[in-house]
Amino acid sequence: MASDDVAQLAESLAKTCVDDGELSYKGQGLKLDTAESAEKLAREMEEFPDLQALRLEGNTIGVEAARVIAKALESRSQLQRCYWSDMFTGRLRSEIPPALSSLGSALMAAGACLTELDLSDNAFGPDGVKAIEPLLKSATCHTLRELRLNNCGMGIGGGKILAAALTECHKQSCAVGAPLRLKVFIAGRNRLENEGATALAKAFTLMGSLEEIHMPQNGINHPGVTALATAMQQNPHLRVINLNDNTFTKKGAIAMAKALKHLRSIQVLNFGDCLVRSEGAVAIAESLREGLPILKELNLSFGEVAEEAALAVARAVQDKPHLEKLDLNGNCLGEEGCETLRDTMDGMNMGDLLGSLSEDEGEPEDDDEGSESEAEEEDEDEEAEEEAEQASEGDVSSEEPQSRVTFVSPLPRPLDRCPSRRRPLSLDVSSFLSTPSPEGLLRLGPKRALLIEQQVDVTDAGQTAEAFLKISSVYREDPEIKKAVLDSVDALLKKAFSSASFQTYDFISTLLMMLGLLKSEERVKTVAIVPGHMVALEHAVQQDYFPQDHIAALDDFVSRSNEALDSCTSPRSELKATVERRISPEC
């Protein structure tokens, strides 16, 4: 190698984090579009001695650049850990699968034996899972110990593909005498729902090696929870179970409680925001008394747990010497119940382990109805689950062309969670975004803006545009509805535009494409323009959060002759006038 090349490589490596076989470009904000733009990085990878770990987080890699990087990986058989989260920021969804396919093929060609694979925060959807399916089935992943796919928008279809790939990997690895022993599985915020969770539960049952399962915010209800509980019994070394912000209800909570009796290594249980209800909490308390000897953390917050059930849980942890935190916040204890709970924990010399109770929902109403009321709610929950599953059937097939506008969103923490409520608000939020209506928006209550802000992944410009159009479509001149719509729009866009990772130009272009005002090169779901869209846009462009440099683009498109805007003559004119004032304030 020429001396100037050596000097250049040394200088480059000096800027790159290197530690014990790890080459890191984490958070460098590299934008690698073309093959040429990736050549330097590829050369550094080829020259790096004993490459065992490669960090590419926080950059953005296009299809051609991925092919160049993949070529460099083909000779790195010693690579074991791939930290590749958040590396497609601003990319079209259609770009991600071929890039993943190239990288996966290179790892297989190299004969690498992976122990860790992190592809979190890459919104690749079912097609992305299909792209990494060959890799997950291959011998390269027979040694996999940690798999992180958090916030990838897999959906039910992607969950099924993933489950099938892990099952096949286990089968093939067993055939060669070295069974797949995955220890850590992370797949939060993926809309897996019951079908995806049930499919994965079958794969977990086969492996039996899991130590940590993290699947929060996946829209899983009691059928999926029950399937996971059954699978967990076959994984005796489980230490951490995080199913936060799914919906157990009594049936799921009781099934999970039964599974916990078989698990002796559990240290952390996070069932917060899971609607375990009082009967479920009592069942979990029974499991605590019978087992879980080394438990450190228990989260049963926001679960519609009443005073007596909360006290049963508190008494059940008194013989847990390793306990560090008990979270029962956001339940239905009332002021006296909160005080009694604190006194009970203090009496066991464990008062400092009790988390805050500042968001307690107050005593449940209609308490005399008891289990009959909860049984009725269970029936309504099941009906809501079936409706949600039917509504989602057309969106999860990996065989259909996918637009870049897909929800990769968590279920928010439901408010007003006492037993007098007839249906979990988490389902109502999801239902509103599936079928927007003025009534549905009002039903979310005074904190609807916060709920919707939590529901939508505002780091994804496509999701934000879709949510904006759904909210604004229900606009009416009725003062209550008008305020609900505009407050929700403000909360959504203010959070989005304030995020450093938010692609503002992507948001504007996607919004215009969905309105049919800008031609799209790929399949993007368009909507019929209604006056509410124009009214909400006019409101938004007047706010401080709306970027001044995007207003001219709106002016150009709303000024054009377009049949889609003919039904909105008056609000369109008002939007145009407002936009012109923002462009030329002196006018």
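Residues numbered from 1 in each chain as written. Predicted model: local features only at pLDDT ≥ 70, side-chain atom pairs only at ≥ 80, totals over all residues. Heavy atoms only, no water.

The name given to the protein chain in an unreviewed UniProt entry is Ran GTPase-activating protein 1, with Anguilla anguilla as the source organism. The protein chain has a UniProt comment under Subcellular location (unreviewed entry) that states "Nucleus". Regarding the protein chain, the UniProt comment filed under Sequence similarities (unreviewed entry) reads as follows: "Belongs to the RNA1 family." (UniProt positions renumbered as here; feature names shortened; annotations may be inferred.)

With that settled, the discussion passes to empty space enclosed by the protein. Enumeration over the complete set of coordinates arrives at two cavities of 30 Å³ or more. By volume, the second largest cavity amounts to about 40 Å³. As for the second largest cavity, its lining consists of W84, L100, L103, G104, L107, L117, L119, I132 and L135. Class assignment for the residues of the lining of the second largest cavity results in eight nonpolar, one polar and no charged. (1 Å grid on protein atoms, 1.4 Å probe; cavity = no way out; pocket = protein on both sides within 12 Å on 5 of 7 lines; lining within 4 Å. Points joined across faces, edges and corners; volume = space filled by probe spheres on them. Nonpolar A, V, L, I, M, F, W, Y, C, P; charged D, E, K, R; others polar.)

On inspection of all chains with the given rule, the structure shows five aromatic pairs. Ring centres of F185 and F204 lie 5.0 Å apart, and the angle between their planes is 65°; this geometry places the pair in the edge-to-face category. With a gap of 19 residues between them, F185 in strand β9 (residues 184-186) and F204 in helix α7 (residues 193-207) connect regions that are remote in the sequence. A residue is classified by how much of its surface remains accessible, and F185, at 0% relative accessible area, is buried. For the ring pair F497 and F546, a centre distance of 5.5 Å and an interplane angle of 65° mean the geometry is edge-to-face. With a gap of 49 residues between them, F497 in helix α18 (residues 479-498) and F546 in the loop between α20 (531-541) and α21 (551-559) connect regions that are remote in the sequence. (Phe/Tyr/Trp six-rings, centres within 6.5 Å; stacked < 30°, edge-to-face > 60°. Helix = DSSP H or I, 4+ residues; strand = E, 2+ residues; numbered from the N terminus. Buried < 20%, exposed > 50% of the residue type's maximum accessible area, 1.4 Å probe, protein only.)

Along the polypeptide, S75 turns up in the loop between α3 (63-73) and β6 (81-83). Measuring from C-alpha to C-alpha, the distance between S75 and G111 comes to 8.7 Å, with 36 residues separating the pair along the chain. At 3.4 Å, the side chain of S75 forms a polar contact with the backbone oxygen of A72. (Polar contact = N/O pair within 3.5 Å; in protein donor to acceptor, adjacent residues only side chain to side chain.)

Within the structure shown, the criterion is met by 21 salt bridges. Residue K71 is joined to E74 by a salt bridge in which the shortest nitrogen-to-oxygen separation is 3.6 Å. What makes K71 exposed here is its relative accessible area of 56%. The partner of K470 in a salt bridge is E466, and the shortest N-O contact between them spans 3.3 Å. Highlighted residues: K470 and E466, both in helix α17 (residues 461-472), separated by four residues, approximately one helical turn. The same class applies to K470 and to E466, which are both buried. Counted as one network, the salt bridges with shared partners bring together E22, R55 and E57. (Salt bridge = Lys/Arg side-chain N within 4 Å of Asp/Glu carboxyl O.)

With that settled, the discussion passes to the packing of helix α6 (residues 155-175) against α7. The geometry of a pair of packed helices is captured by two quantities: the angle between their axes and the separation between those axes. With their axes 8 Å apart at the nearest point, α6 and α7 run at an angle of 10° to one another. Comparing their axes, α7 and α6 come out roughly parallel. For the pair α6 and α7, the contacting residues are I156, G159, K160, L162, A163, L166, T167 and H170 in the first and E193, E195, G196, A199, L200, A203, L206 and M207 in the second. For the contact of α6 with α7, the residue count by class is nine nonpolar, four polar and three charged. (Axes fitted to C-alpha atoms, helices over the stretch in contact; angles between N-to-C directions. Parallel < 35°, antiparallel > 145°, perpendicular 65-115°, else oblique. Contact = heavy atoms within 4.5 Å.)

A separate point is the nonpolar core. Soluble, globular proteins show a tendency: their nonpolar side chains are buried together. By size, the foremost hydrophobic cluster in this structure holds 118 residues, and its most contacted members are F185, M215 and F271. If near-sequence neighbours (up to four positions away) are discounted, M215 is found in contact with F185, A187, G188, L192, A197, L200, F204, I220, L228, N242, L243 and N246. Judged by nonpolar contacts, the second largest core, of 49 residues, contains I471, L486, L493 and A496. (Core = buried A, V, L, I, M, F, W, Y, C linked by side-chain atoms within 4.5 Å.)

With that settled, the discussion passes to the confidence of the model for the protein chain. When pLDDT is averaged along the protein chain, the result is 84, and 83% of the positions lie at 70 or above. Confidence scores differ between elements of the protein chain, with helix α1 (residues 3-15) showing the lowest mean pLDDT of 45 and strand β7 (residues 116-118) the highest of 98. For the stretch residues 367-377, pLDDT sits under 50, and the model shows 13 contacts to residues farther than four places along the chain or on other chains. Every residue in residues 383-427 scores below 50 in pLDDT, and together they form 138 contacts with partners more than four places removed in sequence or on other chains. (pLDDT = per-residue confidence, 0-100.)

Another point: helix α2 (residues 35-47). The first and last C-alpha atoms of α2 sit 18 Å apart over 13 residues, in line with the 18 Å expected at 1.5 Å per residue. Of all the bends in α2, the greatest, near 30°, is centred on L41. Listed in full, the buried residues belonging to α2 are A38, L41, A42, E44 and M45. (Expected span 1.5 Å × (residues − 1). Bend = angle between axes of the 7 residues up to and from the residue.)

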